[in-house]
Amino acid sequence: MLRTLGSFRRSLREEASERWFVPAGLAEALFVLPFVGVIGIVLARAHKPLFRFLTDEDSLLEWIQFAGFAAASIFALVCAWRLRKKGRAPLALVYLAFSVACFFIAGEEIAWGQHIFGFGTPERLEEINEQKEVTV
């Protein structure tokens, strides 16, 4: 098991630095981060105020998700642009679609800025939207 884990770690570090030009340590951290996050949330369930701080509307996790999706949207758009320049239009379209999807999810995550800019929910939307926000 440890041998397999070591082999996986070596592969991850090599692939990240040689192929994607991402520092090996950063690649490892990005790989481990979701697992640490899940463990943290599970442990936080034991302390209600901490759990609510992490998971409530407009709280820490929501903003982390927004930042992640917004960053993914930008990075995917850059990838699409570079792929298009290299003549790989079909793959560029896939990245463009992914970028648009990430942008949409990021917007939904923060109700399209409703809480930031302080605008209200239109009456008709408030009637049919369970969250009473400007979201799909």
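Reading guide: rules and limits
Residues numbered from 1 in each chain as written. Predicted model: local features only at pLDDT ≥ 70, side-chain atom pairs only at ≥ 80, totals over all residues. Heavy atoms only, no water. Helix = DSSP H or I, 4+ residues; strand = E, 2+ residues; numbered from the N terminus. Buried < 20%, exposed > 50% of the residue type's maximum accessible area, 1.4 Å probe, protein only. Contact = heavy atoms within 4.5 Å. 1 Å grid on protein atoms, 1.4 Å probe; cavity = no way out; pocket = protein on both sides within 12 Å on 5 of 7 lines; lining within 4 Å. Points joined across faces, edges and corners; volume = space filled by probe spheres on them. Nonpolar A, V, L, I, M, F, W, Y, C, P; charged D, E, K, R; others polar. Phe/Tyr/Trp six-rings, centres within 6.5 Å; stacked < 30°, edge-to-face > 60°. Lys NZ or Arg CZ within 6 Å of the ring centre and 35° of its normal. pLDDT = per-residue confidence, 0-100.

This part covers the side chain of glutamate 28. Along the polypeptide, glutamate 28 turns up in helix H2 (residues 24-44). According to the relative accessible area criterion, glutamate 28 is buried, its value standing at 16%. Sequence-distant contacts of glutamate 28, that is, excluding residues within four places in its chain, are made with Arg9, Leu12 and Arg13.

What follows concerns the layout of surface pockets. Estimated volume of the largest pocket: approximately 1200 Å³. Taken together, 30 residues line the largest pocket, and the ones lying closest to its centre are Trp20, Val22, Leu30, Phe75 and Cys79. Going through the elements one at a time, helix H1 (2-19), H2, helix H4 (60-85) and helix H5 (89-109) are the ones with two or more residues in the lining of the largest pocket. Of all the elements, H4 adds the most residues to the lining of the largest pocket, at 10 residues. Taken together, the residues of the lining of the largest pocket break down into 23 nonpolar, three polar and four charged.

Let us look at the packing of aromatic side chains. In total, this model carries five aromatic pairs according to the counting rule given. For the pair phenylalanine 31 and phenylalanine 35, a centre-to-centre distance of 5.6 Å together with 55 degrees between the ring planes defines the contact as tilted. Of this pair, phenylalanine 31 and phenylalanine 35 both sit in helix H2, four residues apart, which is roughly one turn of that helix. The exposure class assigned to phenylalanine 31 is partly exposed, which follows from its relative accessible area of 39%. Linked through ring pairs, Phe8, Phe31 and Phe35 together constitute an aromatic cluster. Residue placement shows arginine 45 over the ring face of phenylalanine 51; its charged tip is 4.8 Å from the ring centre.

Per-residue pLDDT for the protein chain averages 88, and the proportion of residues at 70 or more is 99%. Confidence, expressed as mean pLDDT per element, reaches its minimum in the protein chain at helix H7 (residues 123-128) with 77 and its maximum at H5 with 95.

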